[in-house]
Amino acid sequence: MKANPQIDELLCSFIDGELSLRQQTEVQRLVARDAEVAKRLRQLQNCSNLVNALPVEQAPVDMLEQIKRSLERQSLLSERSVSAGTHAGAWHLKVRRFVAAAAMIALMGGLGAVVYQIVAPVSPGTSGPVAIDTPRPAPVIPELLPPVAAPMVVSGPGFSGRLELRTAALTQADAFLKAAIEDNGLKGLTQVQTLPDRRIYQIECSREGLDRLVADLGTIWRNFESASLVVNTDSFTEPVVLESVTPRQTAQIIGQDSAEACVEAARRAAVLSRFAQAMPGREILSTLENDQITAIAMPEIPRPRQASNDPETKVIEAPPQGGVQTSLTIVLLNTQ
Amino acid sequence: MPLSAASINIDDSVLVQRSQTGDLEAMERLILKYQSRIFNVVLKMCGNSDDAAELTQETFVKVIESIEKFKGKSSFYTWVFRIAVNLTLNYCQRTARMATRSLDAEENESDSQGRQGLKEFLSDDSAADPAVLAQRRELCDLAKAALLKLEEPQRAVMVLRDIEGMNYAEIAEVLNVELGTVRSRLSRARSHLREILEAMQK
């Protein structure tokens, strides 16, 4: 008999007792009437019997012990993984703490920068928008005007640096400098810091204002034991240091139109100074000390002057605003 | 005759409840109760006693791990067999090629006496007595080999019915299939097994 899936299903269900009583009766009638169906029933029944006759295998006697050992192994493995997880957790915790600390530092730095931007005066070194200022009329003092003085219409960063002056007479030098700052109308633009061994004046003003102050300092320059000028460059390079700087060199460097020009002038002066130091006979150095060379190219430093000769009605001329902005930190160091 | 599942289920729920509260003795009793039946079914499905032992062991480890999650929606009996059959079916799928090669080798090694016995079995139109069949070792070996040649789903349903003695509803629950699927799958399995045996005796 050719296999008929529907008949086979019915016969299998009959063999397995999965038919209702009525269905069983119908199958019995069918088997009784049809020899082929009866034969197929026996074939399927024999298949079932053959599989059912397969010997029943018993589980290994140590199955329970094997299960217990397997559980112990899994328990150990999970403990190890928990332990490993603990180590990993500790490591992650350290990393997270480090990252959190770094983030805090970065945040503090950022906040500090923002606060500094808000409260600090505009520094010549900072790159900001270039403002076009209306030139204020310069004081009309024809004999004191620099030979190539031209009205400065574009504001921009100029000199930025530090002038270190060493003196045994700190109090006198300090008094002189204070007076010079006041005379040149720079008091409001100067921050003073008084320390036992030094005085620090941080001046943010126009180039002209600084020129005048340096000119005043020039009158007592020889009283200083040494003077060195540190010219700031951009943040990525070392500042230029000019030892034994003269007032004229200082004025020349400060008088440049841009920060880059100031740095370049300071470098040239430093090279010349080193060259002079190395020369036998120190002729060049003495020349430099006498300002013979620099004087040729130097413009006359405009001196501060009183608007009135009457000391009682002394009017301090404010330095012209706008133009090239400079920043100078003067440090008076006590050598005693 | 296959063991009656219903008679074993009587106190399963009690043992399961005690196991869920951490009673190791109850769990051991459940293991001892089912280990050989599980092993036997798994062995008939995978054909290798070492693998069957390992799969049985794995089954009970999973039972112990999951006993707390057992909600009793099905009987413990079908639940434990479901775990075992699923593990075994996965194993069979992984090692299908190896099993086929192994069976081919076994078939070639079967002696002529076994083939003769098989011929007689197939040509006999009378109903065979399982007890008599069981004494004919060569025939049983061929039957085991033929069983392993069935597709896994058909083999599973046939083993659960003809070896474990489950009814169709229990098989459907273990295999997570419809009752009609069990019916048709079992019918095809028996028919196909006959064809395999006929091919083997030639």
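Fair warning: this is a prediction, and the values are worked out from it, not measured in the lab. (Residues numbered from 1 in each chain as written. Chains lettered and ligands numbered in written order. Predicted model: local features only at pLDDT ≥ 70, side-chain atom pairs only at ≥ 80, totals over all residues. Heavy atoms only, no water.)

**Quick notes on the overall build of chain A**
No. 1: The helix and strand inventory of chain A stands at ten helices and six strands.
No. 2: Burial analysis of chain A (336 residues in total) assigns 33% to the buried set.
No. 3: Counted over contacts in chain A with a minimum sequence separation of 6, partners at least 24 positions apart contribute 74%.
No. 4: On chain A, roughly 20100 Å² of surface is accessible, and the fraction owed to carbon and sulfur atoms is 58%. (Helix = DSSP H or I, 4+ residues; strand = E, 2+ residues; numbered from the N terminus. Buried < 20%, exposed > 50% of the residue type's maximum accessible area, 1.4 Å probe, protein only. Contact = heavy atoms within 4.5 Å. Areas by Shrake-Rupley, 256 points an atom, 1.4 Å probe, with all protein chains shown as cover.)

**Examining the overall build of chain B**
No. 1: Across its full length, chain B carries twelve helices and zero strands.
No. 2: Walking chain B from its N terminus toward its C terminus, one meets helices and strands in the order α-α-α-α-α-α-α-α-α-α-α-α.
No. 3: Here chain B holds 202 residues, and the buried ones make up 49% of them.
No. 4: Split by element, the accessible area of chain B, about 9900 Å² in all, is 47% carbon and sulfur.

**Looking at the pattern of salt bridges**
No. 1: What the rule picks out here adds up to 20 salt bridges over all chains.
No. 2: A salt bridge links A:Glu65 to A:Lys68; its shortest N-O distance comes to 4.0 Å. Highlighted residues: A:Glu65 and A:Lys68, both in helix 4 (residues 63–119), separated by three residues, approximately one helical turn.
No. 3: You can call A:Lys68 partly exposed: its relative accessible area is 32%.
No. 4: Ionic pairing is found between B:Arg18 and B:Asp23, a salt bridge with its closest N-O pair at 2.9 Å. (Salt bridge = Lys/Arg side-chain N within 4 Å of Asp/Glu carboxyl O.)

**Examining the confidence of the model for chain A**
Any region with low pLDDT has predicted coordinates that should not be read closely.
All names here are of chain A.
No. 1: Per-chain confidence: chain A averages 76 in pLDDT, with 69% of residues scoring 70 or above.
No. 2: Predicted confidence for residues 124–154 stays below pLDDT 50, and this span has 33 contacts to residues more than four positions away or in other chains.
No. 3: Counting contacts from residues 291–315, a segment whose pLDDT is below 50, to residues more than four positions away or on other chains yields 36 contacts. (pLDDT = per-residue confidence, 0-100.)

**Brief notes about the packing of aromatic side chains**
All names here are of chain B.
No. 1: On inspection of all chains with the given rule, the structure shows seven aromatic pairs over all chains.
No. 2: Seen in terms of ring centroids, Tyr34 and Tyr77 are 6.1 Å apart; in terms of plane orientation they differ by 35°. Their pairing is tilted. Here Tyr34, found in helix 3 (residues 24–46), pairs with Tyr77, found in helix 5 (residues 76–94); they are 43 residues apart in sequence, far enough to count as distant.
No. 3: Centroid distance Phe70 to Trp79: 4.7 Å. Interplanar angle 35°. Geometry classified as tilted. As far as burial versus exposure is concerned, Phe70 and Trp79 are alike and both buried.
No. 4: Each member of the aromatic cluster is reached from another via a ring pair, and the members are Tyr34, Phe70, Phe76, Tyr77, Trp79 and Phe81. (Phe/Tyr/Trp six-rings, centres within 6.5 Å; stacked < 30°, edge-to-face > 60°.)

**Thoughts on the interface of chain A and chain B**
No. 1: Facing 38 residues of chain A, the contacting portion of chain B comprises 47 residues.
No. 2: Roughly 3900 Å² is buried in total at the junction of chain A and chain B, and carbon and sulfur atoms are behind 62% of that figure.
No. 3: Across the chain A-chain B interface, the total number found is three salt bridges.
No. 4: Between A:Asp16 and B:Arg161 there is a salt bridge; the shortest N-O distance is 3.0 Å.
No. 5: Scanning the region where chain A abuts chain B turns up 16 residue pairs in polar contact (both at pLDDT 80 or more).
No. 6: Mapped by element, the contributors of at least two residues to the side of chain A that touches chain B are helix 1 (5–15), helix 3 (35–52) and helix 4 of chain A. (Buried area = accessible area lost by both parts, 1.4 Å probe. Polar contact = N/O pair within 3.5 Å; in protein donor to acceptor, adjacent residues only side chain to side chain.)

**Observations regarding a nonpolar patch on the surface**
No. 1: A grouping of A:Met104, A:Leu107, A:Met108 and A:Leu111 is seen on the molecular surface, where their side chains present a nonpolar patch of about 440 Å² in accessible area.
No. 2: As for its position among the elements, A:Leu107 is in helix 4. (Patch = residues over 30% accessible without salt bridge, like charges linked within 9 Å, V, L, I, M, F, W, Y side chains within 5 Å.)

**Digging into the pairing of strand 2 (residues 190–195) of chain A**
Residue and element names in this part refer to chain A.
No. 1: Across six bridges, strand 2 lies against strand 3 (residues 198–206) in antiparallel orientation. Among the inter-strand pairings, Thr190 is bridged to a residue of strand 3, identified as Ile203.
No. 2: The turn joining strand 2 and strand 3, which pair antiparallel and follow one another in sequence, is formed by two residues. (Pairing = 2+ DSSP bridges.)

**Looking at the side chain of B:Gln35**
No. 1: Looking at the secondary structure, you find B:Gln35 in helix 3.
No. 2: Those residues in contact with B:Gln35 that sit more than four places away from it in its chain are A:Ala59, A:Met63, A:Leu64, B:Thr56 and B:Phe60.

**A closer look at the environment of A:Ala215**
No. 1: Its location among the elements puts A:Ala215 in helix 6 (residues 207–218).
No. 2: Placed 35 residues apart in sequence, A:Ala215 and A:Ala180 show a C-alpha to C-alpha distance of 9.6 Å.

**Digging into the nonpolar core**
No. 1: Judged by nonpolar contacts, the single largest core of 84 residues is most densely connected at B:Phe76, B:Phe81, B:Met158, B:Leu160 and B:Leu197.
No. 2: One finds A:Cys205, A:Trp221, A:Leu242 and A:Ala251 within the second-largest nonpolar core, a separate group that totals 37 residues. (Core = buried A, V, L, I, M, F, W, Y, C linked by side-chain atoms within 4.5 Å.)

**Comments concerning helix 3 of chain A**
Residue and element names in this part refer to chain A.
No. 1: Here helix 3 contains 18 residues, and its C-alpha end-to-end distance of 25 Å stays within 8% of the 26 Å for a straight helix at 1.5 Å per residue.
No. 2: Residues Val37, Ala38, Arg40, Leu41, Gln43, Leu44, Asn46, Cys47, Ser48, Asn49, Leu50 and Val51 constitute the buried set of helix 3.
No. 3: Its side-chain oxygen 2.9 Å from the backbone nitrogen of Glu36, Asp34 forms the N-cap of helix 3. (Expected span 1.5 Å × (residues − 1).)

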